[in-house]
Each structure stands twice: as C-alpha cells, then as structure tokens.
Amino acid sequence: MEDWKKTYRNMLEDKDISYQQVREYVFPNIPKRLYRYREFDKYYMNNVSGEVYLSYPCKFNDPFDSAIEIDYLKYTNLFFQRELPKEFPIGKVEDIFKNNDVIKKEFDKHYQDTYKQLKSGSMVVRKAVSNPKAIDRRNIVLKKMLDLGYISQSEYSEAIAEPINIKLPKAADKVASSVEDLIEYNVIDALVEQGNTRDEAYNMFYNGGLRIDTTIDPTMQETLEKEYENDSNFPNSRVDSDGSHQPQSSMVILDYRTGQIKALVGGRHITGRKTLNRATTPQQPGSTIKPLSVYTPAIDTLKITQSTAVSDAKGGYKFKDNNRWNPNTTTSGSGSMSLRKALAYSSNTIAAKTAEMLGSTYEECVDIMIDYLRNFGITTLQSDSKDRSFASLTLGGMSQGVSPLEMAAAYGTLANGGTYIEPTIFTTISSYDGQLIVKNTPEEHKVVDSEVSYVLTDMLQAVVTEGTGGRAALSNGMPVAGKTGTTNNNSDGWFMGFTPSLVSGAWVGGEERDIHFDRMDYGQSASMALPIWALYMQKVYKDPSLGYSQKETFAMPENFDPCADSLMNSVESEPIEEGLDTTFE
C-alpha cells in the first residue's frame with residue numbers, strides 16, 4: 001500500500017465511499033507532507049484503547065452566557081491551560097468563569113482579541129470524538145483497494161488483521177526547507193492586509209483551522225530537499241565548530257508564467273523553524289546582475305544590438321569616474337567582441353562600456369540601470385553612493401545584494417516575454433468551513449517588449465552553449481538560458497537559469513569568508529552553483545509525473561523575423577574555460 005495518492009483519487013471517484021471516509025482512513029497513512037493543504041484538523045489523531053479519535057471544529061459559545069454548552073466548552077481547557085497563568089484554577093469551564101470576577105477581569109485584560117476571534121469563528125476550538133466505525137471503514141477501503149487491484153489477496157488479509165494504531169508523531173528536528181516559514185510569513189501578511197491586527201493574524205494562522213492552498217509541488221520540493229541533504233553535491237564541504245555546514249546554499253524554482261514558487265530550499269542541513277532563509281536573504285549577485293542592469297536596457301534602446309562590437313581592453317571609458325575605477329578585464333583585453341560574446345564570456349570591461357552607452361552623463365546611466373532593476377522586481381537597491389555607482393550596477397557589488405527569489409523572478413521576466421510577475425507561495429486562504437478569505441493576486445507589469453526579451457534569451461543561451469555556463473547544459477537537449485556569477489574575493493557563486501517551462505536559481509556561498517571559489521581547499525570552484533542547478537533540473541524533466549515536456553523550445557514572438565532583425569545578428573565564438581566569471585573592483 002504505497003501509492004496512497006493514487007488510491008485517494010480512486011476512492012474519491014467511487015460513489016460508494018464518501019469523502020469523509022477516505023479522509024479519515026487514507027490521509028493518516030499518507031507518508032508525504034501534503035503542501036497543497038493546510039487543514040490542521042486532519043493531523044489531530046490519537047489512539048486510545050484501540051479507538052481512533054478525530055477532531056473537528058466546534059462552535060464557541062459565550063462563557064459568560066447562561067446557556068453554556070459544557071460538552072463543547074470543556075475542550076477550551078486545553079487553550080486556557082496553555083494561555084492563562086498557572087496559579088489560575090483550571091477545571092471545568094463553568095468553574096473558571098462562573099462567579100469569578102478576578103479571572104473574568106484578567107481574561108478581559110489579556111485575551112480580548114482571542115475572545116473576539118473565538119466568538120467570530122476566526123479561531124476554531126476543537127474537540128475529539130470517538131469514531132466507533134473506524135475498523136469497519138478501514139476494511140471498506142482495503143476491500144476497494146483489493147477490488148481495484150492495488151493490493152493482492154495476501155496483502156489484504158495481512159492488513160485486515162492489523163490493529164488500528166494511529167499515533168501522533170513525536171516531535172523531532174528535520175531538515176528545514178524554509179517553505180513552511182515562508183508560507184507562514186506571507187499568509188500572516190495577507191491576513192494583516194485584510195484588516196486584522198498582527199496578533200489576530202497569528203491566532204488565525206495557528207488556531208483558525210485555515211485551509212491554505214500553496215503553490216509548492218510536493219514532488220519537486222521533495223526532490224530538491226533530497227539533493228540538498230546529499231553532501232556529495234557539495235564536494236569536500238565541512239562542518240564548523242558551531243555545527244553549521246559550509247559552504248551554504250539556497251535554490252528556488254518558479255513557474256515564470258504564473259510567478260508560482262514550485263520548490264524552495266533556504267539552506268543546507270538546517271533544522272528547526274524560523275531560521276535564516278537564504279533563498280529570501282540578499283546575497284551579492286556578482287555578474288548575474290549584468291543581463292538585468294546592462295544588456296536589457298542596452299538592447300531596449302533599439303540602437304544597440306547583440307552584434308555591436310566593443311573593446312574589452314582596460315581603460316578608454318567615457319566617464320572620468322570609470323577611468324579612475326578602471327575594472328580589470330576578465331577576457332583577453334586585446335581586441336573587440338560582440339555584446340553576445342561579451343555576455344557569454346562575462347567581460348567586465350565591456351559591461352561597463354556598454355552601460356556608458358545608455359545615457360549622456362554618468363548620473364543618467366546610473367538612473368537608467370536602477371530604473372530597470374526596480375522594474376525587474378529588485379527591492380534592495382539603496383539610494384546611497386555605493387549602489388549609485390557603475391561598480392555596483394554593472395558588476396554586482398551592491399550594498400545589500402539581491403535575494404535568489406527576487407533574482408529568479410527577474411530572470412523569469414525575460415523568459416515570460418518581458419512581463420514581470422510577483423512570486424507567490426499560496427493561491428487562496430479559506431476558513432475551516434470553506435469561506436474564501438484571501439485570493440492571492442500577484443502584481444504584474446511589463447518591463448520590456450517580447451522582442452527585446454527574446455533577444456536577451458538568445459544571448460543568455462550563448463552563456464551555456466559558448467561561455468561560462470557550459471555545465472548547465474541538460475542532457476536531454478532542452479534549451480537553457482542563464483548567467484553565472486562570482487563575487488569579489490570569490491566568496492559567492494551563482495547560476496540563474498531558465499528553460500521554456502521554469503526559471504530557477506542556485507546560490508552557493510561561504511558564510512565563513514575563508515572559503516573562496518578560486519581555491520580547492522574546500523572543494524570549491526567558480527562554477528560551484530552550476531552542478532546542483534543542472535542535477536536538479538535534469539531530475540525534474542526526467543519525471544513524467546510532473547508533466548514538463550523535454551521537447552519545448554523558447555517561443556518566438558509573433559511577426560519576429562530573426563533573419564531580418566539586426567538584434568539577432570551574432571558572431572562566431574569559441575567555448576571558454578568555466579570559472580572566469582569574476583567581479584573585480
């Protein structure tokens with residue numbers, strides 16, 4: 001009895017078995033976490049003397065009203081035992097409130113919001129009731145599984161003979177994907193936007209019996225977590241004296257057509273809740289910033305093309321500030337090359353010189369780059385002098401940096417025909433009785449025309465086929481567009497990439513700054529993020545249950561002729577050694 005998901009669907013299709021029956025007897029045996037649902041009552045199961053206990057929402061009645069329904073309200077003791085001071089007498093509900101002005105005043109003082117939520121139904125009190133037909137219903141499901149061929153006669157006989165033994169799992173540390181925390185934060189923010197106080201929102205989340213439909217794909221999430229638990233994907237990594245694993249890493253996968261987060265990991269070997277989520281924490285982006293801040297606005301001028309030739313030699317800048325800065329070249333520095341080749345090779349000098357073409361003054365160029373980055377959804381830009389510089393905006397040495405989640409949404413904009421869609425992790429929030437509370441409507445806006453985004457996609461494919469991102473190529477031949485990035489002192493490694501279906505980004509970094517990507521002491525290299533990205537994406541496309549086609553290609557905009565359009569002109573180039581993509585200031 002392994003394929004519970006399939007069994008569940010079949011049970012629902014059988015009219016002889018109700019939804020409630022299936023929910024009560026199949027759900028407790030499902031081994032996977034079901035990210036799609038957040039129905040708190042389905043896990044409140046226990047086993048007492050062989051009887052299965054199920055929980056369900058109960059109406060809360062005014063404890064100060066004369067018509068007290070003790071049968072229901074006595075179960076609020078669990079709540080009050082947790083919340084009220086220990087010196088308060090805890091017994092039956094009528095003993096707590098009846099003729100006890102001291103406790104009533106204390107309750108009014110500290111628990112007005114809680115009381116109001118209990119009264120309004122936004123906080124749900126639960127009670128446990130015995131299910132006397134547990135064995136009969138269990139046997140019905142098993143018989144249906146036998147009839148449908150999901151189990152053999154011997155398996156059926158063995159299962160029938162087993163006693164029901166459902167118990168709450170013991171609390172234990174586990175690898176934390178940071179998904180649960182991100183759902184909580186976003187849902188609470190959404191409830192606050194509905195007019196609730198933050199305390200009310202927290203109470204609704206934890207005690208309101210909410211149903212939250214999330215965007216997380218359970219299979220994709222489980223696959224990603226397994227890869228992050230496998231230390232061999234991070235060769236020669238180490239464990240510091242405080243127990244933290246180095247290097248650290250995070251990864252996020254989006255459906256760029258909807259902005260929905262399909263899988264996310266916020267760190268390696270992270271246990272517990274409310275820990276640092278590196279997928280939402282700004283990191284220095286290095287050269288992954290170049291397509292967004294430099295090459296997109298350049299192509300969007302409709303005057304600069306991907307075949308425009310620029311010198312990669314040091315010096316010769318238009319603005320005196322850039323001549324003083326004078327970044328090192330990451331290419332030969334001996335001649336000119338096209339913008340397409342410069343992006344594939346991650347030339348620092350050509351990125352800076354291309355950015356100088358965006359305006360007539362230093363400040364105007366800076367304003368244009370900042371404007372594009374903000375339109376791409378980057379929220380961490382600072383107005384101080386460091387972020388208002390070519391060094392930050394063309395090579396990624398920013399004040400705060402950019403989170404992998406925001407970077408994935410920005411690259412998803414290029415994949416999505418130039419339309420930005422805000423990333424989301426849930427679609428709806430409903431009350432325990434099915435009333436819609438929140439429908440998540442992500443922000444979306446146009447950044448560039450589809451023709452411009454298609455040209456950028458073509459240029460980013462050259463990064464994989466000709467340049468620094470060769471290890472991101474997928475064995476199935478699926479086209480990949482993306483950009484590598486390595487920061488100053490070689491302490492952070494990135495790969496941001498997208499296919500015709502998904503956009504994903506991997507960051508690997510040494511939080512202990514003695515870990516550098518130009519040294520092999522800890523098994524690092526400048527392309528550390530590429531293998532984990534490619535390994536995971538290979539597995540996604542090899543899993544037929546996920547429904548992603550391996551034969552998709554990037555869609556060309558209507559009425560766009562690549563042969564006639566000068567933006568598509570390119571020059572031949574030779575593959576280069578990976579690991580030359582570095583930020584120098």
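Residues numbered from 1 in each chain as written. Predicted model: local features only at pLDDT ≥ 70, side-chain atom pairs only at ≥ 80, totals over all residues. Heavy atoms only, no water.

Engineer: Help me understand the environment of Ala298, please; the structure alone is not making it clear to me.
Structural biologist: Within the secondary structure, Ala298 is located in helix 13 (residues 290–300). With near-sequence residues (within four places) excluded, Ala298 lies in contact with Ile304, Thr354 and Leu358. (Helix = DSSP H or I, 4+ residues; strand = E, 2+ residues; numbered from the N terminus. Contact = heavy atoms within 4.5 Å.)

Engineer: What is the right way to look at the pattern of salt bridges in this model?
Structural biologist: Close approach of charged atoms allows side chains with opposite charge to pair. Summed over all chains, the structure comprises 13 salt bridges. A salt bridge links Asp147 to Lys143; the shortest N-O distance between them is 2.9 Å. Of this pair, Asp147 and Lys143 both sit in helix 8 (residues 134–147), four residues apart, which is roughly one turn of the helix. Overall, the relative accessible area of 36% leaves Lys143 in the partly exposed class. (Salt bridge = Lys/Arg side-chain N within 4 Å of Asp/Glu carboxyl O. Buried < 20%, exposed > 50% of the residue type's maximum accessible area, 1.4 Å probe, protein only.)

Engineer: Just checking my understanding: could you explain the packing of aromatic side chains for this structure?
Structural biologist: What characterises a pair of aromatic rings is the spacing of the ring centres plus the angle enclosed by the ring planes. This model, assessed by the stated rule, comprises nine aromatic pairs. Seen in terms of ring centroids, Phe319 and Tyr362 are 6.0 Å apart; in terms of plane orientation they differ by 75°. Their pairing is edge-to-face. Here Phe319 is found in the loop between strand 9 (309–311) and helix 14 (320–325), whereas its partner Tyr362 is found in helix 17 (residues 362–375), with 43 residues between them in sequence. Side by side, Phe319 and Tyr362 carry an identical accessibility label, which is buried. A centroid spacing of 6.1 Å and a plane angle of 70° characterise the contact between Phe319 and Phe390, whose relative ring orientation is edge-to-face. Of the two residues, Phe319 sits in the loop between strand 9 and helix 14 while Phe390 sits in helix 18 (residues 390–395), which places them 71 residues apart along the sequence. Taken as a pair, Phe319 and Phe390 share a single burial class, namely buried. Within the aromatic cluster, the residues linked to one another by ring pairs are Phe319, Tyr362 and Phe390. A cation over a ring is seen here: Lys353 above Tyr317, with NZ or CZ 5.3 Å from the ring centre. (Phe/Tyr/Trp six-rings, centres within 6.5 Å; stacked < 30°, edge-to-face > 60°. Lys NZ or Arg CZ within 6 Å of the ring centre and 35° of its normal.)

Engineer: Before we go on, may I ask you to explain helix 19 (residues 404–415) in this structure?
Structural biologist: Owing to its 3.6 residues per turn, the α-helix brings residues three or four apart onto one side. Between its first and last C-alpha atoms helix 19 spans 16 Å; for twelve residues at 1.5 Å apiece the expected length is 16 Å, and the two agree. Of all the twelve residues making up helix 19, twelve are buried; the element is thus mostly covered by neighbouring parts of the structure. Listed as buried for helix 19 are Pro404, Leu405, Glu406, Met407, Ala408, Ala409, Ala410, Tyr411, Gly412, Thr413, Leu414 and Ala415. Phi for Gly417, located one or two positions after helix 19, is positive at around 70°. (Expected span 1.5 Å × (residues − 1).)

Engineer: Hey, could you run me through the side chain of Ser249 in this one?
Structural biologist: Looking at the element boundaries, Ser249 is found in strand 7 (residues 248–255). You can call Ser249 buried: its relative accessible area is 0%. Looking at Ser249, its side chain comes within polar contact range of the side chain of Tyr228, at 2.8 Å. Each residue touching Ser249, except ones within four places of it in the same chain, is listed here: Tyr228, Phe234, Gly266, Gly267, Arg268, Arg278, Trp507 and Val508. (Polar contact = N/O pair within 3.5 Å; in protein donor to acceptor, adjacent residues only side chain to side chain.)

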